[in-house]
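Next come the chains, spelled out residue by residue.
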Amino acid sequence: MLLIDVYVPRNALSDEERQMLAQRLIDTLMTEDGSHAAEVLDAQRRLTQVLVHEPATWVLGRRPRMDPADPPRYLVRVTVPASWRKEMSSETVEIVTGVLAETERAAGRDPERVRREPDAVVLVDGISEGGIGIHGRAVSSLDLMELISRPYRDTAPPGDGAPARPASPATRGRLIDPVCGMSVDLADSPPTLVHEGVLYGFCHGLCRRSFADEHGLHGQYGTASRQTEDPA
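Heads up: these notes are all about the structure in this document. (Residues numbered from 1 in each chain as written. Predicted model: local features only at pLDDT ≥ 70, side-chain atom pairs only at ≥ 80, totals over all residues. Heavy atoms only, no water.)

Another aspect to go through is the overall build of the protein. Counting its regular elements, the protein contains 6 helices and 10 strands. Long-range contacts, defined here as pairs at least 24 residues apart, represent 66% of the contacts in the protein between residues at least 6 apart. Roughly 12200 Å² of accessible area belongs to the protein as shown, and the carbon and sulfur atoms make up 49% of that amount. (Helix = DSSP H or I, 4+ residues; strand = E, 2+ residues; numbered from the N terminus. Contact = heavy atoms within 4.5 Å. Areas by Shrake-Rupley, 256 points an atom, 1.4 Å probe, with all protein chains shown as cover.)

Next up on the list: unusual backbone geometry. Leave glycine aside and you will find that most residues have negative phi; peptide bonds, for their part, are mostly trans. Geometrically, the link from Arg63 to Pro64 is a cis peptide bond, its omega value of -5° lying close to zero. Mapped onto the elements of the fold, Pro64 is located in the loop between β2 (49-53) and β3 (74-81). Positioned with a positive phi, Asn11 is a non-glycine residue whose angle comes to about 65°.

Turning next to the pairing of strand β1 (residues 3-7). Sheet topology note: the β1/β2 ladder contains 5 bridges and is parallel. For Ile4, the partnering residue across the bridge sits in β2 and is Val50. Relative to β3, β1 is paired through 5 bridges, and the arrangement is antiparallel. If you follow Val6 over to β3, its bridge partner there is Val76. (Pairing = 2+ DSSP bridges.)

Here we take up helix α5 (residues 141-153). The terminal C-alpha atoms of α5, which comprises 13 residues, lie 17 Å apart, in line with the 18 Å expected from a rise of 1.5 Å per residue. At Leu147, α5 shows its maximal bend, which comes to roughly 30°, and the proline Pro151 appears one to four places after that position. Buried within α5 we find Ser141, Leu142, Leu144, Met145, Ile148, Ser149, Tyr152 and Arg153. (Expected span 1.5 Å × (residues − 1). Bend = angle between axes of the 7 residues up to and from the residue. Buried < 20%, exposed > 50% of the residue type's maximum accessible area, 1.4 Å probe, protein only.)

Further remarks concern the layout of surface pockets. Put simply, the largest pocket is a space of about 970 Å³. What lines the largest pocket is a set of 32 residues, and nearest its centre among them are His36, Met88, Glu91, Met182 and Cys203. The set of elements that each furnish at least two residues to the lining of the largest pocket consists of α1 (15-29), α2 (38-47), α3 (82-106), α5 and β8 (183-185). Of the residues forming the lining of the largest pocket, the biggest block, 6 residues, is contributed by α3. Per-class residue counts for the lining of the largest pocket are 17 nonpolar, 8 polar and 7 charged. (1 Å grid on protein atoms, 1.4 Å probe; cavity = no way out; pocket = protein on both sides within 12 Å on 5 of 7 lines; lining within 4 Å. Points joined across faces, edges and corners; volume = space filled by probe spheres on them. Nonpolar A, V, L, I, M, F, W, Y, C, P; charged D, E, K, R; others polar.)

Turning next to the nonpolar core. When a protein is soluble and globular, its nonpolar side chains tend to lie buried together. Membership of the largest hydrophobic core comes to 53 residues, with the highest contact counts inside it found for Ile4, Val6, Leu21, Leu25, Tyr74 and Leu144. Among the elements that line this core, the one with the most residues is α3, at 7 residues. The contacts of Val6, once residues within four sequence positions are left out, are Leu21, Leu25, Val50, Leu51, Val52, His53, Leu75 and Val76. (Core = buried A, V, L, I, M, F, W, Y, C linked by side-chain atoms within 4.5 Å.)

Next up on the list: the packing of α2 against α5. Between α2 and α5, whose axes approach to 7 Å, the crossing angle comes to 135°. If you check the angle between α2 and α5, you find them oblique. Crossing geometry of α2 relative to α5 is assigned as right-handed. When α2 is examined against α5, the residues Glu39, Val40, Ala43, Gln44, Arg46 and Leu47 are found in contact with a partner set consisting of Leu144, Leu147, Ile148, Ser149, Pro151 and Tyr152. Partitioning the contact of α2 with α5 into residue classes produces 8 nonpolar, 2 polar and 2 charged. (Axes fitted to C-alpha atoms, helices over the stretch in contact; angles between N-to-C directions. Parallel < 35°, antiparallel > 145°, perpendicular 65-115°, else oblique. Left-handed = near helix turned anticlockwise from the far one by under 90°.)

So, about the sheet that holds β3. Strand order in the open sheet formed by 4 strands is β2-β1-β3-β4, with mixed pairing between adjacent strands. Both edges of this open sheet fall to β2 and β4 (120-127), since each of them pairs with a single strand only. Across the sheet, the mean angle from the axis of one strand to that of its neighbour is 15°, orientation sign disregarded. Sheet strands touched by α1: β1, β2 and β3. Its angle to β2, the strand with the most contacts, is close to 150°.

On to the side chain of Arg24, then. Along the chain, Arg24 falls in helix α1. Although Arg24 is buried, it forms no salt bridge, and the closest oppositely charged side chain is Glu102 at an N-O distance of 5.1 Å. At 3.1 Å, the side chain of Arg24 and the side chain of Thr103 are in polar contact. In this structure Arg24 touches Val99, Glu102 and Thr103, once residues within four positions along its chain are discounted. (Lys, Arg positive; Asp, Glu negative; His and termini not counted. Salt bridge = Lys/Arg side-chain N within 4 Å of Asp/Glu carboxyl O. Polar contact = N/O pair within 3.5 Å; in protein donor to acceptor, adjacent residues only side chain to side chain.)

All we've got here are geometric facts, nothing functional implied.
Set out below in structure tokens:
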């Protein structure tokens, strides 16, 4: 995640509730559940920003006219690189909606309202290539993947000089992405690559491309079950 904008009606939430909502979004989206490397999650946290807005004017299109603060409506915009958007959208919408439900529960309101009524809208926006600037320069999705995954890859044990981690043995049909540390289920037909007789699995085509570039496999991306590098 790069930017999460949360819009709530004025005075619908207290200062403490807004702070808790923003922190809960980061903590839930970056949960250390074993599926991602801790180093990668920490790197993502450093790039993630949550802004909670209270627009001066908020008008609902419903009839009869309704107060958007009673009960509070939510509009959340999550900004990610365009090439990540399609794969991230479903899980992101589910997680964000769950956080909003917990916010409602903590306030003593019906938490299921945000799933039952169209009172919580989540927009997952994709930023096109070249539209993200970090360290004073425009970066590509591949550059961003490198920035996020580098802390994990730098912890690889010394070997034959290759900077990326060695492949992990498949356990019950799962592999660990050597670039970002994510657990990959081979049953889901993830991008894969065979290098020096070893099968590697990747969570995303960008991870596979980064691995191939780092190992000098230019133009030969090995065995791939699906291509996911192009923006949706």
